[in-house]
Amino acid sequence: MGWVALAYGVIWLGLAAYGLRLAAATRRLEREVERLAERLPEEEKAGEPGATAAPRPPRRGG
Amino acid sequence: MAGGRRASRAAEAAPAWRALPWLEAAAALAVPVALYLGLVWAPPERVMGDVQRIMYFHVAAAMTAYLAFGLVAVASAIYLLRGRADWNRAAGAAGEVGVLFTTLTLLSGSIWARSAWNVWWLWQDARLTTTLLMWFLYAGYLLLRGAAAESGGQAGRLAALYGLLSVAILPVVHFSVVWWYSNHPQVITPRGIQMAPQMALALLAATVALLLVGAVLFLERLRLEGLRERVAELEARAERA
């Protein structure tokens, strides 16, 4: 059973290592997207996917 | 913060991502079932004994790799015809998942060979050598894609053409045991699956489990690529602003 345990260990550790690497890279990039989106000026943010047009404040003294 | 969440929500509303939680749940269910069937329920093989249990996930990993490389060819062909970047991303994600599963196939096969043949590797065996050739071919594809991403333009199309043409190795690997000398056991032949019904069911369960795991990894890898492009786009917009 030792060879079987070694083979199964290699397969599942390999898959787990790749999955964890993907998850870590995804979390890092999601944080990066949030950080960059925060830095965008308001009018750029309004153009973001899924954003609704923000109501403009009424002009004074028109 | 809100902009990032909005972007993330918009990306996750795309149809491909709706299947992801279902695929993850199906994989979480299929993997323990397949492990139980392969390690406990299926009987040991008469000659090799328990070592034969390596075969269930070894063959399943090879089939997942074949499918991933088939997907590289299809996505590359669509990208070359229509020029849509999302198909190019899909080809890259499938290529990486395919190389991962080929690596696992080679390693598990080598461990089986050590226990069954008393050697880690047999260069004269056509199945082993062509599978290694396939690994190098697609590792080269990933390197070419990396270089193409840096230079851009026509190099991306060249990488896609390489990905499309590389699919020719799949029938060579599969039929190598028929065409050339090979000690490799032939499980799936034109006459069907050559094993006891219980073993065939364990193999089927392992194949379904690894295909589901492969599909989850492929979609996660695709999402990562989408996020990378989103970061590049936001950086460009922040510089312009």
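Residues numbered from 1 in each chain as written. Chains lettered and ligands numbered in written order. Predicted model: local features only at pLDDT ≥ 70, side-chain atom pairs only at ≥ 80, totals over all residues. Heavy atoms only, no water.

Let's shift gears to the nonpolar core. Formed by 71 residues in total, the largest nonpolar core has its most connected members in Leu15 of chain A together with Tyr56, Phe101 and Leu217 of chain B. Listed by contribution, the elements that provide at least two residues to this core are helix H1 (2-39) of chain A together with helix H3 (20-41), helix H4 (54-82), helix H5 (85-116), helix H6 (126-151), helix H8 (169-179) and helix H9 (197-240) of chain B. Ranked by the residues each element gives to this core, the list is headed by H9 of chain B, at 19 residues. If sequence neighbours within four positions are ignored, Leu15 of chain A has contacts with Leu100, Phe101, Leu104, Leu210, Val213 and Leu217 of chain B. (Core = buried A, V, L, I, M, F, W, Y, C linked by side-chain atoms within 4.5 Å. Buried < 20%, exposed > 50% of the residue type's maximum accessible area, 1.4 Å probe, protein only. Helix = DSSP H or I, 4+ residues; strand = E, 2+ residues; numbered from the N terminus. Contact = heavy atoms within 4.5 Å.)

For the rest of this paragraph, the subject is the environment of Arg18 of chain B. Along the chain, Arg18 of chain B turns up in helix H2 (residues 15-18). Spatially, the C-alpha atom of Arg18 of chain B lies 25 Å from that of Met63 of chain B, the residues being 45 residues apart in sequence.

Moving on to the side chain of Arg89 of chain B. All names here are of chain B. Here Arg89 is to be found in helix H5. Of the polar contacts made by the side chain of Arg89, one reaches the side chain of Glu229; its length is 2.7 Å. Leaving out residues up to four positions away in the same chain, Arg89 has contacts with Arg145, Leu222, Glu225, Gly226 and Glu229. (Polar contact = N/O pair within 3.5 Å; in protein donor to acceptor, adjacent residues only side chain to side chain.)

Attention now goes to the packing of aromatic side chains. For the structure shown, the criterion picks out eleven aromatic pairs over all chains. With 5.5 Å between their ring centres and 75° between their planes, Trp12 of chain A and Phe57 of chain B make a pair best called edge-to-face. Residue Trp12 of chain A is found in helix H1, and its partner Phe57 of chain B is found in helix H4; the two belong to separate chains. Accessibility expressed as a relative area gives 0% for Phe57 of chain B, which makes it buried. Look at Trp135 of chain B and Phe136 of chain B: their rings are 5.2 Å apart centre to centre, the planes differ by 85°, and that puts the pair in the edge-to-face class. (Phe/Tyr/Trp six-rings, centres within 6.5 Å; stacked < 30°, edge-to-face > 60°.)

Under the defined criterion, the tally for this structure stands at eleven salt bridges over all chains. Glu32 of chain A serves as the salt-bridge partner of Arg35 of chain A, at 2.8 Å between the closest nitrogen and oxygen. Of this pair, Arg35 of chain A and Glu32 of chain A are both found in helix H1, three residues apart, which corresponds to roughly one turn of the helix. Overall, the relative accessible area of 38% leaves Arg35 of chain A in the partly exposed class. Taking the shortest distance from any N to any O, the salt bridge between Glu225 of chain B and Arg221 of chain B comes out at 2.7 Å. With Glu225 of chain B and Arg221 of chain B both in helix H9, this residue pair falls four residues apart, about one helical turn. We classify Glu225 of chain B as buried; its relative accessible area is 18%. In the salt-bridge network here, residues are joined through shared partners; they are Arg21 of chain A together with Glu96, Arg221, Glu225 and Arg228 of chain B. (Salt bridge = Lys/Arg side-chain N within 4 Å of Asp/Glu carboxyl O.)

As a further point, take the packing of H4 of chain B against H5 of chain B. Residues and elements named next belong to chain B. Interaxial distance between H4 and H5 falls to 7 Å at its minimum, and their mutual angle equals 160°. The angle between H4 and H5 places the two elements in the roughly antiparallel class. The element H4 and its partner H5 pack so that their crossing is left-handed. Looking at the contact of H4 with H5, its residues break down into 21 nonpolar, ten polar and no charged. (Axes fitted to C-alpha atoms, helices over the stretch in contact; angles between N-to-C directions. Parallel < 35°, antiparallel > 145°, perpendicular 65-115°, else oblique. Left-handed = near helix turned anticlockwise from the far one by under 90°. Nonpolar A, V, L, I, M, F, W, Y, C, P; charged D, E, K, R; others polar.)

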